[in-house]
Amino acid sequence: MADILTPALGESVTEASIAKWTKAAGEPVKKDELLVELETDKVSLEVVSPSDGVLSEIRFNAGDTVTPGAVLGVVSEGAAAAPAKTDKPAKTAKADAPKAEAVPAAAASIDIPVPTMGESVAEGTMGAWKKKNGDTVAKDELLVEIETDKVAVEVSAPASGILTITADTGASVTPGQSIGRIAVSGAASGEAPAVAPANTGSAQVAASDGPHLSPAAARVVAENNLDPKAIAATGPKGNITKGDALNAIGAAAPAPAAAPASAPAAPAAPRADQPREERVKMTRLRQTIARRLKESQNTAAQLTTFNEVDMTNVMALRAQYKEAFEKRHGVKLGFMSFFTKAVVAALHEIPAVNAEIDGTDIIYKNHYDIGIAVGTEKGLVVPVLRDADALSLAGIEKGIAALGKAARDGALTLDQLQGGTFTITNGGTYGSLMSTPILNAPQSGILGMHNIVQRPMAVNGEVKIRPMMYLALSYDHRIVDGKEAVTFLVRIKELLEDPQRALLDL
């Protein structure tokens, strides 16, 4: 069977309309015979038959809109001779009878479509395939991950059979597009034992039997010819992370270096093995981060105000109750719950910071969905903690822990990444002393936490060493005035320096 694919439509042309089919389903066709005409906003295109056979299926009718790579229909190879069967041809074709039986004319071929990737997500990028062309796959077995600008979408086999890949790693795909096929007929499955051994290799075994590799880790493994089974996995559920793969490269390096141990010029060897520059395509997530941050700068009137907070009382409270808290609630007591509580209280008092601009309107939010910025190996993501005002300290800690784990595992859903009203980012986990965070559009405020540093401070006329943290509030000056921004940050400072105030709602 051969798919009739929508060809490339030209630069900046993303879709076309079916003008007309020149053949009907069930009619015999010849290779390179015109089958369908497409119309774009610039040119008309002709699509021809990829092989001799019968036009067994038409998937888009006249007037339908299609995208490059979409499967327009299917040509069943070898079936064209069936209607013209006579006694004479039967005798002359007798020698070819075994070949005719080998052709899976009755085979069922199931397409592997790109799944729906969420609202407003129009395309994704193919990751590394876990299987190769001709490999036997089992139903629901993971075949490939498609990376979008928000999440990674896993695509599993819709049935058991033999895999044919039609979309390569790195290709851009759209929802509904066919990225491969699975032959599920008896003839196909009967040939599987002969095909499978020819493609059995260490990479294939690792993909099916070994730990799961993220697209980033799979790329490092493939480029450096690593054996996934030999890599020490440190990721969640025994998964191999990109860092594990990079460490495996370093671990393999000492073997060739053992011979020139006495040579003083050994350090120059790594540079000789590596290019001075390397061009790597940005991931779709990184492209989206870059685009959105720049759009945020270009759209909002961003301004940042600073303050500092004495963390003595919060740290003392945490030290006093952290063991009892963890024993009671099953989660550690961190600083994020205190900051989230303080932020929600300040948003109640200064609602403009929890609002957003829509054209000439201001939308005030009466709910408090706090985005928590999380750094992952793929880039920065901001999952949302819903209804934070209704959560206890334990509820906040549990929610943040669950979102952080899902982010690092690549298991976040689109719903968990959308609809935040305010964002908190903690650069202090990486040692940042001070920064000016960029707004997470269309939000109007973002709080930046930083490293806690012991500094000499004047306390009641005396110099004392205190654990201090700089706070930064970036805000949209179009909607938030300077007085409101400063008041908001001072309110957070007060609640953190005297955490009992939050408990007493003062």
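From a predicted model like this one, the values you see are computed outputs, not experimental measurements. (Residues numbered from 1 in each chain as written. Predicted model: local features only at pLDDT ≥ 70, side-chain atom pairs only at ≥ 80, totals over all residues. Heavy atoms only, no water.)

Draft legend 1. Looking closely at the overall build of the chain. Scanning the chain for helices and strands turns up 14 helices and 27 strands. Here the contacts in the chain between residues at least 6 apart in sequence split such that 64% fall between residues at least 24 apart. Looking at the chain as shown, the accessible area adds up to about 27200 Å², and 53% of this sits on carbon and sulfur atoms. (Helix = DSSP H or I, 4+ residues; strand = E, 2+ residues; numbered from the N terminus. Contact = heavy atoms within 4.5 Å. Areas by Shrake-Rupley, 256 points an atom, 1.4 Å probe, with all protein chains shown as cover.)

Draft legend 2. Region of interest: the environment of Val490. Secondary-structure assignment places Val490 in helix H13 (residues 482-497). On the accessibility criterion, Val490 (29% relative accessible area) is partly exposed. Expressed as a C-alpha distance, the spacing of Val490 and Asn307, which sit 183 residues apart in the sequence, is 7.4 Å. (Buried < 20%, exposed > 50% of the residue type's maximum accessible area, 1.4 Å probe, protein only.)

Draft legend 3. Highlighting the nonpolar core. Ranked by internal contacts, the top residues of the largest apolar core, which has 51 residues, are Val343, Ile370, Phe422, Leu471, Phe488, Ile492 and Leu496. Looking at which element gives the most residues to this core, the answer is helix H11 (residues 336-349), with eight residues. Residues in contact with Leu471, not counting those within four places in the same chain, are Thr305, Phe306, Asn307, Glu308, Val309, Phe339, Leu447, Gly448, His450, Leu489, Ile492 and Leu496. Formed by 16 residues, the second largest nonpolar core is a distinct cluster that contains Met126, Val144, Ile146 and Val155. (Core = buried A, V, L, I, M, F, W, Y, C linked by side-chain atoms within 4.5 Å.)

Draft legend 4. Local environment of the packing of H11 against H13. Remark: H11 packs on H13, axes separated minimally by 9 Å, with the N-to-C direction vectors making an angle of 140°. Taken together, H11 and H13 sit at an angle that is classed as oblique. The crossing of H11 and H13 is right-handed. Counting all contacts with H11, which are made through Phe338, Phe339, Ala342, Val343, Ala345, Ala346, Leu347 and Glu349, the residues of H13 involved are Thr487, Phe488, Arg491, Ile492, Leu495 and Leu496. (Axes fitted to C-alpha atoms, helices over the stretch in contact; angles between N-to-C directions. Parallel < 35°, antiparallel > 145°, perpendicular 65-115°, else oblique. Left-handed = near helix turned anticlockwise from the far one by under 90°.)

Draft legend 5. Expanded view of the pairing of strand E25 (residues 445-449). Among the five residues of E25, five are classified as buried, and the element is accordingly described as predominantly covered. With burial as the criterion, each face of E25 is covered, one bearing Gly445, Leu447 and Met449 and the other bearing Ile446 and Gly448. Sheet topology note: the strand E24 (residues 422-426)/E25 ladder contains four bridges and is parallel. Bridge assignment links Thr425 to a residue of E25, and that residue is Gly448. Here four bridges tie E25 to strand E27 (residues 462-476), and the two strands are oriented antiparallel to one another. Paired with Leu447 across the bridge in E27 is Leu473. (Pairing = 2+ DSSP bridges.)

Draft legend 6. Seen up close, the sheet that holds strand E8 (residues 71-77). Taking strand neighbours across the sheet as the criterion, the four strands line up as E1-E8-E6-E3 in an open arrangement whose pairing is antiparallel. Strands at the two margins of the open sheet, each flanked by one partner only, are strand E1 (2-5) and strand E3 (28-29). Inspection of the sheet shows E3 paired to strand E6 (residues 53-58) by two bridges, in the antiparallel sense. Within E6, the position partnered with Val29 by the bridge is Gly53.

Draft legend 7. Here's a closer look at the sheet that holds strand E15 (residues 172-173). Taken together, the four strands give an open sheet; going across it, the order is E13-E12-E10-E15, and neighbouring strands pair in antiparallel fashion. Bordering the open sheet on either side are strand E13 (152-156) and E15, each of which pairs with just one other strand. Where strand E10 (residues 124-126) and E15 come together, two bridges link them in antiparallel fashion. Opposite Thr125, over in E15, you have Ser172 as the bridge partner.

Draft legend 8. Looking closely at unusual backbone geometry. Across the junction of Ala441 and Pro442, the peptide omega takes the value 5°, indicating a cis bond. With respect to the helices and strands, Pro442 occurs in the loop between E24 and E25. Its identity as a non-glycine residue notwithstanding, Asp32 has a phi of 70°, on the positive side. Among the secondary structure elements, Asp32 is positioned in the loop between E3 and strand E4 (34-39). Judged by relative accessible area, Asp32 falls into the exposed class, the value being 54%. One non-glycine residue with positive phi stands out, namely Asp387, at about 50°. Within the fold, Asp387 resides in the loop between strand E23 (384-385) and helix H12 (393-409).

Draft legend 9. Examining the confidence of the model for the chain more closely. Scored by pLDDT, the chain has a mean of 79; 77% of the residues are at 70 or more. For the chain, the element scoring lowest by mean pLDDT is helix H4 (residues 202-209), at 38; E27 scores highest, at 96. Per-residue pLDDT stays below 50 along residues 253-263; that stretch engages in one contact with residues further than four places along the chain or on separate chains. (pLDDT = per-residue confidence, 0-100.)

Draft legend 10. Molecular detail of the packing of H11 against H12. Direction vectors running N to C along H11 and H12 enclose 115°, while the axes themselves pass 9 Å from each other. Relative to H12, the element H11 is oriented roughly perpendicular. Judged by the sense of rotation from one axis to the other, the crossing of H11 with H12 is right-handed. Residues Met336, Ser337, Phe338, Thr340 and Lys341 of H11 form the contact with H12, whose participating residues are Leu393, Ile396, Glu397 and Ile400.

Draft legend 11. How the structure looks around the environment of Leu226. Positionally, Leu226 belongs in the loop between helix H5 (215-223) and helix H6 (242-252). Apart from residues no more than four positions distant in its own chain, Leu226 is found in contact with Val220, Val221, Ile231, Ala245, Ala248 and Ile249.

Draft legend 12. The packing of aromatic side chains, seen in detail. Across all of its chains, the model carries one aromatic pair by this definition. Lying over the aromatic face of Phe335, Arg318 brings its terminal NZ or CZ to 4.8 Å of the ring centre. One Lys or Arg, Arg455, reaches over the ring of Tyr470 and ends 4.5 Å from the middle of that ring. (Phe/Tyr/Trp six-rings, centres within 6.5 Å; stacked < 30°, edge-to-face > 60°. Lys NZ or Arg CZ within 6 Å of the ring centre and 35° of its normal.)

Draft legend 13. Structural view of the pairing of E27. Across nine bridges, the pairing between strand E17 (residues 302-310) and E27 is antiparallel. Bridging across to E27, Leu303 finds its partner in Tyr475. Here strand E26 (residues 453-459) pairs with E27 via seven bridges, running antiparallel. Residue pairing for E27: Ala458 is matched across the bridge by Val463. The antiparallel pairing of E26 with E27 creates a hairpin that spans two residues between the two strands, and Asn460 there sits at a positive phi of about 50°.

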